[in-house]
Amino acid sequence: MGSSLCPACASCMGLLCSPRPRPLQNLLLLLWTLLSCGSEVSAQGPGEWTPWGSWTRCSSSCGRGVSVRSRRCIRFPGEEPCSGDSHEYRLCQLPDCSPGAMPFRDLQCALYNGRPVLGDQKTYQWVPFHGAPNQCDLNCLAKGQAFYHSFGRVLDGTPCSPGAQGLCVAGRCLNAGCDGVLGSGALEDRCGRCGGANDSCLFVQRVFRDAGAFAGYWNVTLIPVGARHIRVVQRSRNHLALMGGDGRYVFNGNWAVSPPGTYEAAGTRVVYTRAAGLEETLQAAGPTSQDLLLQVLLREPNPGVQFEFWLPGERYGPFQAQAQVLGWAQRQPQLREVEPQPPQLLDSPMARAPTRAPVFQARVLGSHRQAQETRYEVRILLIYKNHSPLRTREYVWAPGPCPCPPLAPHREYLLAVRRLVSPDGTQDRLLLPHAGYARPWSPAEDSRARLTARRCPG
C-alpha cells in the first residue's frame, strides 16, 4: 500500500515513534516535519504547547505586583489551536512601600501632567478617577475640572481599586488563588491545603452536655495545636471561657466577664461574640500554634456547648491522649453532624443548692448490686467541701438496676453527691444520681474542685 507521506515525513514518523522522546527533540522534529512536508501533511487535533518560559521580574518595586511567564503553541496547518492560556500571571509580594510613596495608579496618571493630550495645547494635572465603569482602565481626573480622561489600560499589577485585593492584568481585575496564580480560582480546603479535598484532616464536632453539679469552670474540650476553622456556640446565662497554653485566660477568666471582641491567642485571631438573646459564639480561622483549653463558666444547668474544628489526621491521636489525661472520656470524631439530643438539665437538689453537696476524692474499693440500687464502698482520700463529717470509708448509692454512672474498682474519682437524711434521722445516705458528678480524678479535676470550693465555701 502506497504512502502519501514524503520521504522526510516517513523518516520523521520513525523518529517520532522512537522510545522516550525528549521535549526539545519533539519540538525540533515537529518543526523539521513542517518545513520538509509543507502542506502535504494532513494533520488533525490540537497543537502542542512549548514548555513554559521563566517568570519575569515583579512589575512593582515594593508592595504587591505581578510576574508573568509565557509559552507558544506549535501546530501544523489544519490543526486546532492549543487549549489553555499562553500567559500565566503570578502574584509577587515585595516589602511594603514607604508611607510617603506615591500609589502606582497615581504615578501613572502623573505621567501625563503638563502634556497636551486632548488635541489642543492646554495641559492639566491628573489624579486617579475611580467612578468609571472599567476599573482597569487608566481613568484620570483633571484637577479643578469636571471631566476625566481614559488613557487606556493601567499597567499590569495595578490594584483594581484602593484597598482591594484584586490586581489588573491585561485589562482584567483578577484575584490570586491560594497557589499565587492570578485568576486560577484555587482555594484552600478546610485542612489548609491549596486545592485539596478535605481528606488530610478530621472534622471534630461534638456537644458537651455535662450538666454540672456545682457552679464554676468546667472543661469542655482541648483545642489542640494545628486546629482550623474553630467554632463554638452556647445559648444560656453561662459563659464560654478560653485559656491559653500558659495557663492564662484569653477572656472570661477569674470569674470576670470580658467584653465581646477580637482576641489574639495561639497565633490566630479569636472572635468572641455575645448576643442579646444569651447566645455566645467563638470563632477562629487557625491554625493554632499551641493548645487552647475551652471551658464554660456555669451559672445555671448546662443546655449544651456545641464545638467543632478541623484537625490534621496525624494530630488526632495525641489530642485523644491529652484529653484522656485531663479526665475526658475517649470518643471518636464525627464525620459531619452530631445527632441532636435533648439537653439533660439537673433537677436534683444539688443543682438548686450546690453548696450542700459533699465534694470529695475517693478510691472505689468494690461494688454490690442490691435490688434496684448499686452500692459502692469507697475510701475518702480528700474532702473539698462538706457540711457534715465523712468517715474514712463510706457507701455511695447509685439508683437503678444498672450502676450509672459506672465506677471501676481500684480507681480514683472526684465525686459530688447528695446527702439524704431521713426525717427521723435513722438513715443517712450518700446518693449518686444519674445527673451526679463522677469523673476520674486528675490534676485538672483537682484544680477545678479547689477553685470551686474556694469560690463557694461551706
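Being a predicted model, the structure only gives us computed values, none of them experimental.

Engineer: So, the overall build of the chain: which residues are in play, and what are the values?
Structural biologist: The secondary structure content of the chain amounts to 6 helices and 26 strands. Here the chain, with 458 residues, has 38% of them falling under the buried criterion. Relative to all contacts within the chain whose residues are 6 or more apart in sequence, the contacts with residues 24 or more apart total 61%. Per element, the accessible surface of the chain, about 25,500 Å² overall, is 52% carbon and sulfur.

Engineer: Quick one: what's the story with the environment of Ala101, residue by residue and with numbers?
Structural biologist: Position of Ala101 relative to the elements: it lies in the loop between β4 (87-93) and α3 (104-110). By relative accessible area, Ala101 is classed as partly exposed at 34%. Ala101 sits 39 residues away from Cys62 along the chain, and the two C-alpha atoms are 9.6 Å apart.

Engineer: Pulling in residues and values, what's your account of the sheet that holds strand β24 (residues 418-421)?
Structural biologist: Strand-to-strand pairing in sheets goes through backbone hydrogen bonds, with the strands running parallel or antiparallel. An order of β24-β25-β22-β21-β20-β23-β26 is seen for the 7 strands of this open sheet, with the pairing classed as mixed. Two strands in the sheet have a free side with no partner beyond their single neighbour: β24 and β26 (437-440). Geometrically, the sheet is characterised by an average inter-axis angle of 40 degrees between neighbouring strands, direction not taken into account. Across 5 bridges, strand β20 (residues 359-370) lies against strand β23 (residues 412-416) in antiparallel orientation. Within the sheet, the bridge partner assigned to Arg363 lies in β23 and is Glu412.

Engineer: Describe the pattern of salt bridges, listing the residues and the values that go with them.
Structural biologist: Scanning the model with the defined rule gives 6 salt bridges in all. Ionic pairing is found between Arg393 and Glu377, a salt bridge with its closest N-O pair at 3.3 Å. Remark: Glu377 occurs in strand β21 (residues 373-385) and Arg393 occurs in strand β22 (residues 393-399); sequence separation between them is 16 residues. A relative accessible area of 25% means that Glu377 is categorised as partly exposed.

Engineer: So what's going on with the nonpolar core? Residues and values would help.
Structural biologist: The nonpolar side chains of soluble globular proteins are, as a tendency, buried together. Counting 37 residues, the largest nonpolar core has Leu242, Leu282 and Phe309 as the members making the most contacts within it. Apart from the residues lying within four places of it in its own chain, the contact partners of Leu242 are Ile223, Arg248, Tyr249, Val250, Phe251, Val270, Leu282, Leu292, Leu293 and Leu294. With 16 residues, the next largest nonpolar core counts Ala362, Leu390, Ala398 and Ala438 among its residues.

Engineer: Lay out the pairing of strand β7 (residues 148-153) with the relevant residues and their values.
Structural biologist: Note: strand β6 (residues 137-142) against β7, 4 bridges, orientation antiparallel. Bridged to Cys140 within β7 is His149. Connecting β6 to the next strand, β7, in antiparallel fashion are 5 residues, including Gly144 with a positive phi near 80 degrees.

Engineer: Lay out the state of the cysteines in plain terms, naming residues and giving numbers.
Structural biologist: The final tally for this structure, using the stated rule, is 8 disulfides. Between the sulfur of Cys136 and that of Cys168 lies a disulfide, 2.1 Å long from S to S. Between Cys136 and Cys168, the disulfide has an S-S torsion of -90 degrees and is therefore left-handed. Residue Cys136 is found in the loop between β5 (126-128) and β6, and its partner Cys168 is found in strand β8 (residues 167-169); the two are separated by 32 residues along the sequence.

Engineer: Just give me the short version of the sheet that holds β7, but keep the residues and values in it.
Structural biologist: Here 3 strands make up an open sheet; going across it, the order is β5-β6-β7 and the pairing antiparallel. For this open sheet the edge positions go to β5 and β7, each flanked by a neighbour on one side alone. Averaged over all adjacent pairs, the angle separating strand axes in this sheet is 35 degrees, with direction ignored. Here β5 pairs with β6 via 3 bridges, running antiparallel. Among the inter-strand pairings, Trp126 is bridged to a residue of β6, identified as Ala142.

What counts and what doesn't
- Residues numbered from 1 in each chain as written.
- Predicted model: local features only at pLDDT ≥ 70, side-chain atom pairs only at ≥ 80, totals over all residues.
- Heavy atoms only, no water.
- Helix = DSSP H or I, 4+ residues; strand = E, 2+ residues; numbered from the N terminus.
- Buried < 20%, exposed > 50% of the residue type's maximum accessible area, 1.4 Å probe, protein only.
- Contact = heavy atoms within 4.5 Å.
- Areas by Shrake-Rupley, 256 points an atom, 1.4 Å probe, with all protein chains shown as cover.
- Pairing = 2+ DSSP bridges.
- Axes fitted to C-alpha atoms, helices over the stretch in contact; angles between N-to-C directions.
- Salt bridge = Lys/Arg side-chain N within 4 Å of Asp/Glu carboxyl O.
- Core = buried A, V, L, I, M, F, W, Y, C linked by side-chain atoms within 4.5 Å.
- Disulfide = S-S within 2.5 Å.

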